[in-house]
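In case you want the letters, here they are:
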Amino acid sequence: MTDRMGNGTGTALLDDRPAAPAGPPRLDRDALLRAQHETLATPRMAYGLLARMMFKPVDLLYGKEGSYTKFAMLETIARVPYQAWERMGYWAVHRHAGRSALARRVFERIVEARADQDNEQWHLLIMQDLVQRAGQRQSLLLHKVAPWLIAFFYYHVSWMLFLVRPDWSYRLNAEFEDHAEHEYMEFVAAHPELDHLPDPGTYGAEYGRHRSVADLLRQIGHDERTHKLDSLERMREPRVR
Ligand SMILES: [Fe+2]
Ligand SMILES: [Fe+2]
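All values reported here derive from a predicted model rather than from experimental measurement.

Student: Explain the overall build of the chain here, please?
Tutor: Helix and strand counts for the chain stand at nine helices and zero strands. In sequence order, the chain lays out its α and β elements as α-α-α-α-α-α-α-α-α. Seen through its C-alpha atoms, the chain measures out along the principal axes to roughly 60 × 45 × 35 Å. Put simply, the chain has 241 residues, and 34% of those count as buried. If you take every contact in the chain between residues at least 6 apart in sequence, the share linking residues at least 24 apart comes to 76%.

Right under this line is the structure:
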C-alpha cells in the first residue's frame, strides 16, 4: 500500500485537513463592473467619531482624492483590527481551553481573522507595486511614521473596544472597510484610463490576475465590501458562545 506521499509504508491515510478560508470571492469582469455600480449607488455608512478621527488626518495628509500612495497608507492600517482580534482570540482560547467546543468556535474566528489579514497584506503589496510602477515618491514621515502612528492608535482602540464592547469593535472595522470600498470604486470611476492599463500581475499567482488595473482595483474594492459585510454580520453575535 502506498500513501498519499507515495511512500510504501502501511500507514493509514489521515482524513483530509480542512482547507483554510479561501478569502473573498474572485469576480469576473461583468460582476466587477456591477460591484462598482452597486457601491457607487449605495450611500456610505454614517461614520462614528473614532472612524472620523482616522479618516480626517488621512484626508489632510494624503488628499481627499484617492491615489495609490493614499491606498497604500490605508492598507497599512487595514489589517490592524484583524491582528487585534487574533490576539484577543488566543487569549480567549487559552481561557476556555477546558471547554473544547467553545475553544474550537473561538479558534474558527482566529482562522478567519488571519485569512482577512492575509487578504489585506496582498492589497498592501499590490498598492506598493502600483506606487513604484507609477514612479510616485513616498516620504519617511508621510508614508512610514504617520501610518505607524495611526496603526498604533487603531490597534489599541480595536482590542480595547473588543474587550468592553466587541460589537463596537466590529462596527468600527465595518466603517473602515466601507470607507475603503467607496474610495477604490470612486477612484476607478474617476480614472477611466485605468481600464486600458493592463494589470501588471506582480502578485497574480497569489492574488489572481485581472485584465486591467481598473478591474484589479474593483476586485480589491469588492474584497473590502466582503470584509465590511462580515464585520456587520459579526456585530449581530459579537461574543462567541
Ligand atoms: Fe484592503
Ligand atoms: Fe479590508
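Student: How should I be thinking about helix α5 (residues 100-133) in this particular structure?
Tutor: The α-helix winds at 3.6 residues per turn, so residues separated by three or four positions along the chain end up facing the same way. A rise of 1.5 Å per residue sets the reference length of α5, with its 34 residues, at 50 Å; its end C-alpha atoms lie 49 Å apart and thus fit the reference within 8%. Taken residue by residue, α5 has Val 106, Ala 113, Asp 116, Asn 119, Glu 120, His 123, Ile 126, Met 127 and Leu 130 as its buried positions. Against α3 (68-78), α4 (80-95), α8 (204-207) and α9 (213-236) lie the buried residues of α5. Just beyond α5, the residue with positive phi is Gly 135, at close to 70°.

Student: Looking at this structure, I do not really get helix α1 (residues 29-41). What am I missing?
Tutor: Here α1 is 13 residues long and its end C-alpha atoms lie 19 Å apart, about the 18 Å a rise of 1.5 Å per residue gives. Among the residues of α1, those classed as buried are Leu 32, Gln 36 and Thr 39. The buried side chains of α1 occupy one side of the element, clustering within an arc of 70° when seen end-on. α1 presents Asp 30, His 37 and Ala 41 as exposed residues on the side facing more than 90 degrees away from its buried surface. Taken together, the buried residues of α1 touch α7 (166-190) and α9.

Student: Explanation requested: the UniProt feature "transmembrane region" (unreviewed entry) in the chain in the structure shown.
Tutor: The sites that UniProt annotates as "transmembrane region" (unreviewed entry) are residues 145-164. Helix makes up 100% of residues 145-164 and strand 0%, with an end-to-end C-alpha separation of 29 Å.

Student: Explanation requested: the environment of Glu 177 in the structure shown.
Tutor: Examined against the element boundaries, Glu 177 turns out to sit in helix α7. Sequence separation of Glu 177 and Arg 29 is 148 residues, and the distance between their C-alpha atoms is 22 Å.

Student: Looking at this structure, how should I read the nonpolar core?
Tutor: Grouped burial of nonpolar side chains is what soluble globular proteins tend to show. Residues Leu 74, Ile 77, Trp 85, Met 127, Tyr 184, Val 188 and Leu 217 are the most contacted members of the largest nonpolar core, which totals 36 residues. When residues of this core are traced back to their parent elements, those giving at least two are α2 (49-62), α3, α4, α5, α6 (140-164), α7 and α9. What Trp 85 contacts, discounting residues up to four positions off in sequence, is Ala 113 and Phe 162.

Student: Where do I start with the packing of α6 against α7 in this structure?
Tutor: Two quantities define a packed helix pair, namely the angle between the axes and the distance from one axis to the other. Interhelical geometry of α6 versus α7 gives an angle of 145° and a closest axis separation of 5 Å. For the pair α6 and α7, the contacting residues are Ser 158, Leu 161 and Phe 162 in the first and Pro 166, Trp 168, Ser 169 and Leu 172 in the second. Looking at side-chain class alone, the contact of α6 with α7 contains five nonpolar, two polar and no charged residues.

Student: Got a minute to help me understand the environment of Met 127 in this structure?
Tutor: If you trace the backbone, Met 127 turns up in helix α5. Sequence spacing of Met 127 and Tyr 68 is 59 residues, and the spatial spacing of their C-alpha atoms is 6.0 Å.

Student: I'm lost on the packing of α3 against α6 in this one. Help?
Tutor: Across the interface, α3 lies against α6 with an axial gap of 9 Å and an inter-helix angle of 35°. In terms of crossing hand, the pair formed by α3 and α6 is right-handed. Here Thr 69, Met 73, Thr 76 and Ile 77 of α3 come into contact with α6, specifically with His 143, Pro 147, Ile 150, Ala 151 and Tyr 154. A per-class count over the contact of α3 with α6 returns six nonpolar, three polar and no charged.

About the criteria used
Residues numbered from 1 in each chain as written. Chains lettered and ligands numbered in written order. Predicted model: local features only at pLDDT ≥ 70, side-chain atom pairs only at ≥ 80, totals over all residues. Helix = DSSP H or I, 4+ residues; strand = E, 2+ residues; numbered from the N terminus. Buried ≥ 20, exposed ≤ 12 C-beta atoms within 10 Å, placed from the backbone. Contact = placed C-beta atoms within 7 Å. Expected span 1.5 Å × (residues − 1). Arc of directions from axis to C-beta. UniProt positions renumbered as here; feature names shortened; annotations may be inferred. Core = buried A, V, L, I, M, F, W, Y, C linked by C-beta atoms within 7 Å. Axes fitted to C-alpha atoms, helices over the stretch in contact; angles between N-to-C directions. Nonpolar A, V, L, I, M, F, W, Y, C, P; charged D, E, K, R; others polar. Left-handed = near helix turned anticlockwise from the far one by under 90°.

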